[in-house]
Amino acid sequence: MTDTADMYNGGGDGGYDESPPSTVMLPGGGIDLSTRIGATLLPNPITTASGCAGYGKELAKFFEPAAIGAVVTKTIMPYPRSGRATPRMAETPSGMLNSIGLQGPGIDAFVERDLPWLAARGGRTIVSIAGGHVDDFVALAERLKGAPGVVGIEVNISCPNVANRGQVFACNPATSYDVVRAVRDATDPVVPVLAKLSPDVTSIVDIARACVEAGADGLSMINTLLGMVIDPDTMKPVLAGITGGLSGPAIRPVAVRCVYQVYAAMREGSMAQVPIVGMGGIRTGLDALEFVLAGASAVSVGTVIFNDPSSPVRILDELRAALVTRGFASLESAIGYAHR
Ligand SMILES: Cc1cc2nc3c(=O)[nH]c(=O)nc-3n(C[C@H](O)[C@H](O)[C@H](O)COP(=O)(O)O)c2cc1C
């Protein structure tokens with residue numbers, strides 16, 4: 001690992017680089033793409049979107065996990081889960097519908113097998129967690145304390161709250177607050193906690209504000225939009241689970257709008273300022289730039305990975321070039337530029 005990689009691997013051993021992101025040109029003509037989420041400094045703003053790159057291993061055939069800012073894992077639950085019945089994927093115009101149902105190995109297998117592999121490759125890992133009860137989230141956060149390579153926890157609140165008739169946590173400011181507060185309290189203070197928001201709400205600003213008041217160090221937005229497809233031949237829903245999450249280019253304008261609205265609320269002072277990780281339909285560096293201009297400090301690359309597994313590094317190169325072309329000396333100076 002290079003010195004530079006070491007410097008940016010801060011969260012891996014709980015380390016914390018105190019210096020603010022610099023805006024200087026780097027040797028070799030590159031620009032400074034580093035970005036900060038709470039106490040974690042990432043070397044660049046590109047991350048994988050949860051559920052679209054497994055636990056990092058799948059991508060290692062295409063690029064080194066350490067080449068991007070961070071790998072955001074598929075959401076981990078307390079126990080192994082086989083997910084929903086098939087079919088659980090459907091194509092739609094400019095998008096994809098999935099109802100995977102949080103399939104996964106459970107936290108123990110993840111901590112023992114997947115996390116050490118990523119850490120050994122120098123990867124920075126943001127672990128996505130979810131549960132049906134606030135206590136599940138707390139147990140997951142506690143299990144991750146001191147785990148190698150963890151530079152953040154993304155709280156996937158787009159899952160049903162068993163204690164509230166299955167209403168999705170993310171659809172209610174009070175339940176969003178409760179789960180984020182509990183995870184923040186249970187997590188190592190130097191590890192940032194990000195709340196992953198659902199766009200299927202009346203006011204995303206209200207949910208974002210509740211999460212930040214609960215102690216979220218950052219906001220990831222957006223998760224998929226609820227949708228469904230009916231097959232005109234069988235005249236039945238295509239997905240066994242009937243509804244699924246819509247992702248891909250079709251949702252990008254919705255996602256950019258959400259990032260813009262929340263960043264605007266931060267600028268106006270109606271909520272505290274925290275970094276935003278923007279996602280939804282990013283396929284190119286220019287798509288990523290759109291999120292940065294709207295107010296995102298980092299971006300996640302999701303659905304495009306399924307047909308272009310090396311897209312995160314391509315998008316990183318394209319974003320760098322797009323920033324240089326527009327005269328930005330750093331990523332930081334472009335964040336929220338559309339609001340000026
Ligand atoms: C197949 C698939 C699985 C996903 N699984 C998760 C998940 O486990 N946890 C989560 O928070 N989001 C999950 N997502 C949502 C993505 O992380 C992302 O928020 C969304 O797809 C929008 O980005 P995109 O359009 O670039 O894919 C999943 C998306 C897809 C397509």
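Everything here concerns the structure above.
Below or above, wherever it landed, is the structure these notes cover. (Residues numbered from 1 in each chain as written. Predicted model: local features only at pLDDT ≥ 70, side-chain atom pairs only at ≥ 80, totals over all residues. Heavy atoms only, no water.)

With that settled, the discussion passes to the overall build of the protein. Each helix and strand in the protein was counted, giving 8 helices and 18 strands. Relative to the compact-globule value of 20 Å for 340 residues, the protein shows a C-alpha radius of gyration of 19 Å, a close match. Judged by the C-alpha coordinates and their principal axes, the protein covers about 60 × 45 × 40 Å. Burial status across the protein gives 55% buried among its 340 residues. For the protein, long-range pairs separated by at least 24 residues make up 69% of all intrachain contacts whose partners lie at least 6 apart in sequence. Here the protein has roughly 13900 Å² of accessible surface; of this, 55% comes from carbon and sulfur atoms. Positive and negative side-chain charges of the protein, numbering 26 and 32 respectively, have mean locations separated by a distance of 4 Å. (Helix = DSSP H or I, 4+ residues; strand = E, 2+ residues; numbered from the N terminus. Rg over C-alpha atoms; globule rule 2.2 N^0.38 Å. Buried < 20%, exposed > 50% of the residue type's maximum accessible area, 1.4 Å probe, protein only. Contact = heavy atoms within 4.5 Å. Areas by Shrake-Rupley, 256 points an atom, 1.4 Å probe, with all protein chains shown as cover. Lys, Arg positive; Asp, Glu negative; His and termini not counted. Charge placed at Lys NZ, Arg CZ, Asp CG, Glu CD.)

Turning to the pairing of strand E6 (residues 95-98), a few remarks are in order. Bridge analysis of strand E5 (residues 89-92) against E6 gives 4 bridges, and the strand direction is antiparallel. By the bridge assignment, Thr92 is partnered in E6 with Gly95. Pairing analysis gives 3 bridges linking E6 to strand E16 (residues 244-247), with the strands arranged antiparallel. Bridge pairing in E16 links Leu97 to Leu246. (Pairing = 2+ DSSP bridges.)

So, about the site of the ligand. Taken together, 23 residues form the shell around the ligand, and within it Ser50, Thr75, Gly248, Gly281 and Thr303 come nearest. Ile222 places a main-chain nitrogen or oxygen 2.9 Å from an oxygen atom of the ligand. A distance of 2.8 Å separates an oxygen atom of the ligand from a polar atom in the backbone of Gly248. Contact with the protein chains hides 97% of the accessible area of the ligand, taken as 600 Å² for the molecule alone. Partitioned by chemical class, the residues of the shell around the ligand number 8 nonpolar, 13 polar and 2 charged. (Near = heavy atom within 4 Å. Polar contact = N/O pair within 3.5 Å; in protein donor to acceptor, adjacent residues only side chain to side chain. Nonpolar A, V, L, I, M, F, W, Y, C, P; charged D, E, K, R; others polar.)

For helix H5 (residues 204-213), the buried fraction is high: 7 of the 10 residues fall into the buried class. If you check which residues of H5 are buried, you get Ile204, Val205, Ile207, Ala208, Ala210, Cys211 and Val212. Of the surrounding elements, those touching the buried residues of H5 are helix H4 (173-186), strand E11 (193-197), strand E12 (218-221) and helix H6 (252-268). One or two steps after H5, the chain reaches Gly215, where phi turns positive at roughly 110°.

Membership of the largest hydrophobic core comes to 85 residues, with the highest contact counts inside it found for Leu197, Leu219 and Val262. It is H6 that provides the largest number of residues to this core, a total of 8 residues. Of all hydrophobic cores here, the second largest spans 12 residues; its members include Ile37, Ala49, Cys52 and Val72. (Core = buried A, V, L, I, M, F, W, Y, C linked by side-chain atoms within 4.5 Å.)

Turning our eyes to something else, we now look at the pattern of salt bridges. Two side chains that carry opposite charge are able to pair once their charged atoms sit near each other. Following the criterion strictly, the structure yields 12 salt bridges and no others. Between Arg143 and Glu112 there is a salt bridge, and its shortest N-O distance comes to 3.4 Å. Of this pair, Arg143 sits in helix H3 (residues 134-143) while Glu112 sits in helix H2 (residues 107-120), and the two are 31 residues apart along the sequence. Owing to a relative accessible area of 29%, Arg143 belongs among the partly exposed residues under this scheme. When its relative accessible area of 58% is taken as the criterion, Glu112 is described as exposed. (Salt bridge = Lys/Arg side-chain N within 4 Å of Asp/Glu carboxyl O.)

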